[in-house]
Amino acid sequence: MGGTFIDSAQARMLAGELAERSREILRHLVDAYLSSGEPVGSRTLSQRLPHSLSPASIRNVMADLEALGLLYAPHTSAGRVPTEKGLRLFVDGLLEIGELSPGEQLTIEARISAEGRGLEEVLTQATMMLSGLSRCAGLVVAPKQDSVLKHVEFVGVAPGKALVVIVNEDGQVENRLISTPIGLPISALVEASNYLNARLRGRTLQSLREEVLRELEGERAELDQLTGKIVAEGLATLSVANAPERNDEEKVLIVRGTSHLLDSVEAQEDLARVRMLFDDIERKNDLIRLLELAAEGDGVKIFIGSENRLFSLSGSSIVAAPYANAQGKVIGVVGVLGPTRLNYARIIPMVDHTAKVVGRLLG
């Protein structure tokens, strides 16, 4: 979908400058398009409009809206669909956003909250709930936690490769793959695991790493050279996400419900766009940077199609809202990723309420 990019302030200004009849026709056209996904013609609009207008009069207004870059005609269809500029104007200047019913609010709160849940469980439930209710992909960007450790283990997985498994007190599990010398005996991995587990009680990964590396450098560790190397390599690999120069890895991206993006795929063009969405989701760091833009202010942020320049999310939209901790500091973002033909009126309050519930639970 083409059209010049406009920001929210410009969209509201342009909506105010449109004649009342043009605003009404554009609003009903976008509503019909969001419901059906099909180009909307003048006859359809004449049946939806509250006052009587002939199809010819409606076509004249649609031509004016097309000249402004708000509508376009796909292929040879007689109907029109909104451009990204038209969707932006609709969302920021014409959309009537409803409120969630008390029952819907309680459903969201019940799905997310539960006694004894850690941060990752709360956020995973939030993404699954958003995905289920919106029938799109639910997204959460969470802060990287430096939690107190419970258990560390080195597991051989292939010649020259071992998996470092670290379990935090709150139940979060992190796995990283490291390189090991070919022919390394299993006993060396067991010894490395025992050495760390004897020292980790009550410690975070960062504090454990600093102490153990000091021991290894000072040759105070009762380990042979090979086992010591495995310990040092494993700790360095696990703590790379905490390095200040790797800001893009200090956040955790949780995505649930990507299969929903295929639910309504009918045309080959739609399928190609969905494949592009999957590719973009895999490019985790770009998506994290985009969602973090939503944390730079209050309330819900909406990114429509290719107006976000970070990556190729053409034909898609993100609705996202930040959540804060008990001190009021924004620490992450929840959101929904789907086609531009989202039910914005329903999803915007849903994302907004979910962000508030998550913040309250984390507080």
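Conventions and cut-offs
Going along each chain's sequence as written, the residues are numbered from 1 onward. Selection of residues for local features in this predicted model requires a pLDDT of at least 70, selection of side-chain atom pairs for listing and counting requires 80 or more, and totals for whole chains, interfaces and linings are taken over all residues. Just so you know, side-chain values use all the structure's heavy atoms and leave hydrogens and water out. The nonpolar core is taken to be a set of buried Ala, Val, Leu, Ile, Met, Phe, Trp, Tyr and Cys residues, with the residues joined through side-chain atoms within 4.5 Å. Per-residue accessibility, obtained with a 1.4 Å probe over protein chains only, is compared with the maximum for each type, and a residue is labelled buried under 20%, exposed over 50%, and partly exposed between these values. Numbering of helices and strands runs from the N terminus, with a helix taken as a DSSP run of H or I at least four residues long and a strand as a DSSP run of E at least two residues long. Contacts were defined at the residue level, with two residues in contact if any of their heavy atoms lie within 4.5 Å. Note: the arc covers the axis-to-C-beta directions of the helix.

## Digging into the nonpolar core
If you look at soluble globular proteins, the nonpolar side chains tend to sit buried side by side.
Okay, so step 1: In terms of nonpolar packing, the biggest core is built from 59 residues, with Ile-25, Leu-26, Leu-89, Tyr-323 and Tyr-344 touching the most fellow members.
Okay, so step 2: By residue number, the principal contributor to this core is helix 13 (residues 344-362), which donates 8 residues.
Okay, so step 3: Apart from the residues lying within four places of it in its own chain, the contact partners of Leu-89 are Ile-6, Ala-11, Leu-14, Ala-15, Leu-18, Leu-26, Leu-70 and Leu-94.
Okay, so step 4: Among the nonpolar cores identified, the runner-up in size contains 22 residues, and Ala-162, Ala-188, Leu-189 and Leu-235 belong to it.

## Remarks on helix 1 (residues 8-17)
Okay, so step 1: Looking at helix 1, one finds that the buried residues are Ala-11, Leu-14 and Ala-15. Down the axis of helix 1, the sector holding all buried residues measures 105°, keeping them to one side. Opposite its buried face, helix 1 presents the exposed residues Met-13, Gly-16 and Glu-17, each directed more than 90 degrees away.
Okay, so step 2: The secondary structure elements touched by the buried residues of helix 1 are helix 2 (20-36) and helix 5 (84-94).

## Some details on the environment of Met-129
Okay, so step 1: Tracing the sequence through the fold places Met-129 in helix 7 (residues 119-134).
Okay, so step 2: Taking the C-alpha atoms as reference, Met-129 lies 9.9 Å from Glu-109; in sequence the two are 20 residues apart.
Okay, so step 3: Leaving out residues up to four positions away in the same chain, Met-129 has contacts with Ile-108, Arg-111, Ile-112 and Thr-354.

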